[in-house]
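Okay, here's what each chain looks like letter by letter:
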Amino acid sequence: MRKLIVAGNWKMNTSVAEGVELAKKVSAYAVEKNLPEGKQIVIAPPFTHLASVAQVIDSNKVILAAQDCAATKNGAYTGEVSASMLKGIGVKAVILGHSERRQYFKENSEILLKKIKLALEEGLDVIFCVGETKDQREAGANLYFNVIKAQLVDTVFTLSEQDFAKIIIAYEPVWAIGTGLTATPEQAQEIHEFIRKEVANNYSQKVADDTTILYGGSCKSSNAKEIFAKKDVDGGLIGGAALKADEFGKIIDAR
Ligand code: PGA
């Protein structure tokens, strides 16, 4: 079902104690607002925080997500954390394909598809990120549409319709992440509409209508309302602005 989602990606920020406090505030906000069904708040703290955060949030109101999971099920993979371990501590979703993982950790579509499948096997929802770099954007629409299409075709579009229903897509132009540069509402809408059309081509119009597509990249309370008002934008994946409870609350209200 298509939902309205505001998701906070905390990245590698906050101590456990700070994270627990932030999570408590976000959860209290969600409880106070009594959000309608179909409007969801997601938070994605670092791995070290997840078990503690799971204890302090109202899991009916806030969905706990991880920022990554391993591409293998278990075994001798030093430093990795599996989807089933995450599931075991109350994690309900995982962000995969974030541009920082693609860029700094060389995650490609092949690796990402393995992660997606393992997450889905554990019953986790997947927030799958796509987006073009600054150079690709500047090379013109033909190129950046193709980049985004390829990121989908090689990964989530290979899934069955049933599995694809558990995918939330996040359009995150790399040039807008953490840079203070935000896509204009029109730029966001152009890509969201394109993604929805591609989902329709690959599956059906019904599946496309049910797909949740989030925008991410320097989204904050001052620009969220305009971006979220676009018809194919179903909410946001928020980085820096998700680290302050009141700012994140304002973004939640913007949707
Ligand atoms: P930002 O990050 O809001 O800090 O630009 C968004 C993201 O990377 O998910």
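Residues numbered from 1 in each chain as written. Predicted model: local features only at pLDDT ≥ 70, side-chain atom pairs only at ≥ 80, totals over all residues. Heavy atoms only, no water.

The environment of the ligand is made up of Asn 9, Lys 11, His 98, Glu 172, Ala 176, Ile 177, Gly 178, Gly 217, Ser 218, Leu 237, Gly 239 and Gly 240. Note that an oxygen atom of the ligand is positioned 2.7 Å from one of the side-chain N or O atoms of Glu 172. The backbone of Gly 178 places a nitrogen or oxygen atom 2.6 Å from an oxygen atom of the ligand. Notes on the ligand: free accessible area 280 Å², of which the protein chains cover 94%. Here the shell around the ligand is built from residues that sort into three nonpolar, seven polar and two charged. (Near = heavy atom within 4 Å. Polar contact = N/O pair within 3.5 Å; in protein donor to acceptor, adjacent residues only side chain to side chain. Areas by Shrake-Rupley, 256 points an atom, 1.4 Å probe, with all protein chains shown as cover. Nonpolar A, V, L, I, M, F, W, Y, C, P; charged D, E, K, R; others polar.)

Sheet architecture is closed into a barrel: eight strands sit in the order E1-E2-E3-E4-E5-E6-E7-E8, paired in parallel fashion. This sheet shows a mean twist of 25° between the axes of neighbouring strands, independent of strand direction. Examined bridge by bridge, strand E4 (residues 93-96) and strand E5 (residues 125-130) share four bridges and lie parallel to one another. When the sheet's bridge partners are listed, Ala 93 is paired in E5 with Asp 125. (Pairing = 2+ DSSP bridges. Helix = DSSP H or I, 4+ residues; strand = E, 2+ residues; numbered from the N terminus. Axes fitted to C-alpha atoms, helices over the stretch in contact; angles between N-to-C directions.)

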